[in-house]
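Each chain, written out:
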Amino acid sequence: MNTVLKTAHISFDGLDQEDVVDRIRADFPALSLTVNNHPLVYLDNAASSQKPIQVIERISRYYSTEHSNVHRGVHDLSQRATEYYESSRDIIRDFIGARSRTEIIFTKGTTDSINLVAQSFARPILNPGDEILVTHLEHHSNIVPWQLVCQQTGAELKVVAIHDDGSIDYDDFEQSLSERTRLIAIAHVSNSLGTIIPVKRIISDAHGLGIPVLVDGAQAVPHMQIDVSDLDVDFYCFSGHKMYGPTGIGILYGKEQFLEKMPPYQGGGDMIESVSFAGTTYNDLPHKFEAGTPNIAGAIGLGTAAEYMNQIGFEFISEYEAKLLERATDRLSQIEGLRFIGTAENKASVVSFLLRDSHPYDVATLLDKFGIAVRSGHHCTQPVMSRLGIPGTVRASFAFYNTMDEIDVLAESLQKSSRILFS
Ligand code: C6P
């Protein structure tokens, strides 16, 4: 359960939502950039979000006056760096409602976290004919690590179908479960379509059959309050750079009962208790999974990013981003020939679309000329694009610092792009 937050909410009393967003925007230096002679409209948040000055300054302070290696020195600087690094772990524990700090492993990001579970949890328990279940809308990072471990062990990857709107076919999910299913690995939010997956129900059904569940939370953590204890999820993975934190840092949450039994993923300094040529013993959790000098600045910056999100508050984030999604859906649906890809009822603030028969790359290139940053292509989800019979999409993904005006600029620029492309 998420306990009392270390930081109080910023007082937005007396301010309307627009004023709150203005205040938030002032924290993000990149949002004042000009691109191609237009004010930057940054709508590529699902790929990576911009960073608030609080995170930037925290990292700068660390490198300026606090840097040393962690867990290694008795001297003051090393002790302090260790304290900041470890207190960031506590902030993250609190941020996602984990029971124990030993369940929070610093990794390089979502991809690294999933690979860790594939190699350290799945590989030792898989036998030929065993099954791992994923869905059709997974990011490549939640497909390829399982394909690798299947090749290594003779296990099979089974794929749950999706409906045309981008929601999970729950009947197919239930029918895909078997006595050979050893693990379910699913996204919490689809990065290319925005669908919010009913992970709590999936976890509950899976646990009824004794099957553990890994959730890829890369696209959920930036938008909604996550409580891993309430979800009862076994593994939860996410990246710092999508939640206003640094690149190269992420989290693997794992239940202690699993992490304790898992062998180390990588060998090196810090993950050992003692080393000799007769045999090596391993450090306790969480250090067993953090070999080598870690990304200390990244971990500290990630803690600051989590505190920043807490200060804004998930109530505001969810409510405001839902309005952004509603506005975007409304404005873009008025554009002739625009087709939404991913129309599930329950969606995060992501809109994917195609403009008549134009290539997504061409639309994104034109939008860039108007200062608008969107992503185009398959978004590292080629199987879902094949399933929907399209080469890719244009994707606009929103954050709590985007404004209603920016959505209008997107809609107007799409109208202009359409005229350039089709007249
Ligand atoms: N999706 C996007 O533009 P890393 O690269 O490890 O931080 O995150 C990988 C990843 C895993 N799962 C999901 C659901 C994701 O969306 C991503 C990253 C970015 O959609 C870059 S491809």
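Here's a quick rundown of the structure. (Residues numbered from 1 in each chain as written. Predicted model: local features only at pLDDT ≥ 70, side-chain atom pairs only at ≥ 80, totals over all residues. Heavy atoms only, no water.)

1. Observations regarding the sheet that holds strand β5 (residues 131-135)
Move 1: The 7 strands lie next to each other as β4-β10-β9-β8-β7-β5-β6, forming an open sheet whose pairing is mixed. The sheet terminates laterally at β4 (104-107) and β6 (156-160), the two strands that pair on one side only. Across the sheet, the mean angle separating the axes of adjacent strands is 20 degrees when strand polarity is ignored.
Move 2: Where strand β7 (residues 181-187) meets strand β8 (residues 213-216), 4 bridges bridge the pair, whose relative direction is parallel. Note on β8: the bridge partner recorded for Ile184 is Val213.
Move 3: Here helix α4 (residues 110-125) sits on the sheet and contacts β4, β7, β8, β9 (235-239) and β10 (250-254); the angle it forms with β9, its principal contact strand, is near 155 degrees.
Move 4: Packed on one face of the sheet, helix α5 (residues 144-153) meets β5, β6, β7 and β8 and runs near 145 degrees to β6. (Pairing = 2+ DSSP bridges. Helix = DSSP H or I, 4+ residues; strand = E, 2+ residues; numbered from the N terminus. Axes fitted to C-alpha atoms, helices over the stretch in contact; angles between N-to-C directions. Contact = heavy atoms within 4.5 Å.)

2. Section: the environment of Thr181
Move 1: Mapping Thr181 onto the fold places it in strand β7.
Move 2: On the accessibility criterion, Thr181 (5% relative accessible area) is buried.
Move 3: Considered as a pair, Thr181 and Leu126 are 55 residues apart in the sequence and their alpha carbons are 9.8 Å apart.
Move 4: Dropping the residues within four chain positions of it, Thr181 is found in contact with Glu131, Leu133, Ser176 and Ile211. (Buried < 20%, exposed > 50% of the residue type's maximum accessible area, 1.4 Å probe, protein only.)

3. Observations regarding the pattern of salt bridges
Move 1: The tally for this structure, following the rule as stated, stands at 20 salt bridges.
Move 2: In this structure, Arg72 and Asp270 form a salt bridge, with 3.9 Å as the shortest nitrogen-oxygen distance. Placement of the pair is Arg72 in the loop between α2 (53-66) and α3 (76-96) and Asp270 in the loop between α9 (256-259) and β11 (272-276), with a sequence separation of 198 residues.
Move 3: We classify Asp270 as buried; its relative accessible area is 15%.
Move 4: Asp408 serves as the salt-bridge partner of Arg331, at 2.8 Å between the closest nitrogen and oxygen. Of the two residues, Arg331 sits in helix α11 (residues 314-333) while Asp408 sits in helix α14 (residues 404-422), which places them 77 residues apart along the sequence.
Move 5: Since its relative accessible area comes to 23%, Arg331 is described here as partly exposed.
Move 6: On the basis of relative accessibility, which here comes to 14%, the residue Asp408 falls in the buried class.
Move 7: Salt bridges linked by common partners bring Glu86, Arg89, Asp90, Arg101 and Glu290 together as one network. (Salt bridge = Lys/Arg side-chain N within 4 Å of Asp/Glu carboxyl O.)

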